[in-house]
Amino acid sequence: MLSEDDVKKYLRAGLIASDAITYGKNLINEGVALEEVAEETEAYIIKNGAKLAFPVNLSINDEAAHYTPSRNDKRKFNKNDIVKFDLGAHIDGFIADTAVTIEVGNEMESSLLISSERALYNVVQRMRPGLRIGEIGKIIEETIKSFGFRPIYNLTGHELSRNVLHAGLSIPNYDDGSMVEVEIGMAFAIEPFSTDGSGYVKEGSFGNILQIIRDPEEFNEIYENYGMLPFSTRWIYRDFSNPENIIDKLLRSNKVYKFPILKERRKGKVAQFEHTFVITKERIYVTTMKIHRNPI
Ligand code: MN
Ligand code: MN
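Here is what the cut-offs are and how they apply
Just so you know, the residues in each chain are numbered from 1, in the order the chain's sequence is written. Whichever chain is written first becomes A and whichever ligand is written first becomes 1, with later ones labelled in order. Confidence filtering applies because this is a predicted model: local features only for residues at pLDDT of at least 70, side-chain atom pairs given and counted only at 80 or more, and all residues used for totals across whole chains, interfaces and linings. Water and hydrogen atoms were dropped before computing side-chain values, which therefore reflect all heavy atoms in the structure. Where helices and strands are cited, they refer to DSSP runs of H or I of at least four residues and of E of at least two residues respectively, numbered from the N terminus. The contact rule is simple, with two residues in contact once any of their heavy atoms fall within 4.5 Å. The pocket and cavity definitions rest on a 1 Å grid over protein atoms only: a 1.4 Å probe that fits but cannot leave marks a cavity, an open set with protein on both sides within 12 Å along at least five of seven lines marks a pocket, and residues lining either have an atom within 4 Å of a point. Grid points are joined across faces, edges and corners, and a volume is the space filled by probe spheres set on the points. Lines fitted to C-alpha atoms define the axes here, with helix axes fitted over just the stretch in contact, and angles between the N-to-C directions of these axes take values from 0 to 180 degrees. For any helix crossing, the convention is left-handed if the near helix is rotated counterclockwise from the far helix by under a right angle, and right-handed if that rotation is clockwise. The nonpolar class holds Ala, Val, Leu, Ile, Met, Phe, Trp, Tyr, Cys and Pro. Asp, Glu, Lys and Arg form the charged class, and all remaining residues, Gly among them, are polar. Any two strands with at least two DSSP bridges between them are considered paired. In this listing, donors mean N, O and S atoms no farther than 2.8 Å from the metal, or 3.2 Å for Na, K and Ca; water is missing from the atoms, so a site can look incomplete. Per-residue accessibility, obtained with a 1.4 Å probe over protein chains only, is compared with the maximum for each type, and a residue is labelled buried under 20%, exposed over 50%, and partly exposed between these values.

**Student:** So what about the side chain of Thr68? Which residues, and what values?
**Tutor:** Along the polypeptide, Thr68 turns up in the loop between strand 2 (63-65) and strand 3 (82-91). Apart from the residues within four sequence positions on either side, Thr68 is in contact with Pro55, Val56, Gly207, Asn208, Ile209, Ser232 and Arg234.

**Student:** Could you give me a rundown of empty space enclosed by the protein, with the residues and numbers involved?
**Tutor:** Under the counting rule described, the total for this entry stands at 1 cavity of 30 Å³ or more. The calculated volume of the largest cavity comes to roughly 30 Å³. What lines the largest cavity is simply Asn57, Ser59, Ala64, Ala65, His66, Lys84, Asp86 and Gln272. Listing elements by their share of the lining of the largest cavity, those giving two or more residues are strand 1 (51-60), strand 2 and strand 3.

**Student:** Lay out the packing of helix 3 (residues 111-126) against helix 4 (residues 133-146) in plain terms, naming residues and giving numbers.
**Tutor:** Orientation of helix 3 relative to helix 4, taken along the N-to-C sense of each, is 145°, at an axis distance of 8 Å. Of the two possible hands of crossing, helix 3 and helix 4 adopt the one that is right-handed. Residues Ser115, Arg118, Ala119, Asn122, Val123 and Arg126 of helix 3 lie in contact with helix 4, whose contacting residues are Glu135, Ile136, Ile139, Ile140, Thr143 and Ile144. Taken together, the residues of the contact of helix 3 with helix 4 sort by class into 6 nonpolar, 3 polar and 3 charged.

**Student:** Report on the sheet that holds strand 11 (residues 231-232), specifying residues and quantitative values.
**Tutor:** Pairing is antiparallel across the open sheet formed by 4 strands, whose spatial order is 2-12-10-11. Each having just a single partner strand, strand 2 and strand 11 make up the two edges of the open sheet. In terms of strand pairing, strand 10 (residues 201-212) meets strand 11 through 2 bridges, oriented antiparallel. Its bridge partner being in strand 11, Ile209 is matched across the sheet by Ser232.

**Student:** How would you sum up the coordination of the manganese ion (ligand 1)? Please name residues and give values.
**Tutor:** Of the protein atoms, only Asp86 (OD), Asp86 (OD), Asp97 (OD) and Glu274 (OE) coordinate the manganese ion (ligand 1), at distances of 2.1 to 2.4 Å. Sequence positions of the donors to the manganese ion (ligand 1) reduce to the motif D-x10-D-x176-E. Separating the manganese ion (ligand 1) from the manganese ion (ligand 2) is a gap of 3.2 Å, bridged by Asp97, which donates to each. Of this pair, Asp97 sits in strand 4 (residues 94-103) while Glu274 sits in the loop between strand 13 (270-272) and strand 14 (275-279), and the two are 177 residues apart along the sequence.

**Student:** How would you summarise the coordination of the manganese ion (ligand 2) if you had to cite specific residues and measurements?
**Tutor:** Taken together, Asp97 (OD), His158 (NE2), Glu191 (OE) and Glu274 (OE) make up the full set of protein donors to the manganese ion (ligand 2), lying 2.1 to 2.3 Å away. Written as a sequence motif, the donor residues of the manganese ion (ligand 2) are D-x60-H-x32-E-x82-E. By relative accessible area, His158 is classed as buried at 1%.

See below:
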């Protein structure tokens, strides 16, 4: 169960993550390096008193998720790129996970972006204890399809717990028939992905994100810095004096997960919006949206 103090930490992380999205979004422009946006946004989160729950993800066009720039990454934003800007902040292990999609150089949002954003907003409006997980998926799928797009069937939202980004429940972007219900005390992220492609992602090449998945004592210094949360190769250069050796060891270990970039199977363009929810007896908090509601 969540204490009042836990909820406060979730809310603080949510505020910082939300401000970081606003801050970083304005940096994303034609010709700007991905690395610059990732570094500056991560610095902003730290400066504001939170820790990074995972590296800033900047996944472009048919990349749905899990790309973070490497150190000295050459990639720059191009006009019309569809950029999924996804970040995570935590206070004492209480995580806020949030994302927006930006179309570089375009003031008006295209219907692909709106379909994902509206799906998320419809879930915000309908959220309550007792809502079925399958029903959440149904709201997402129906909204996205009403715009003529497909949800991504093999990507999901997820429950959050202290120091764990993907804990327990997965929350699908379609009705998978799940009768599990939203309960008081739960925290989770909802992230509708929409696409003009097949509706499925496949694994691509390494996206510079790593995570210790077992026997953390083998990587003591890494574990002390990042726990068992995802981190990036860039951070190793920032935080350690012998980065090449450490990265080499991490890449060769079977106790470390090397996140592949998730790419749309038919090279469709992908949009994603995401917010973090915390459900208490008194309130439904959307921590990364700076709003809360009374349960209906
Ligand atoms: Mn996210
Ligand atoms: Mn997430």
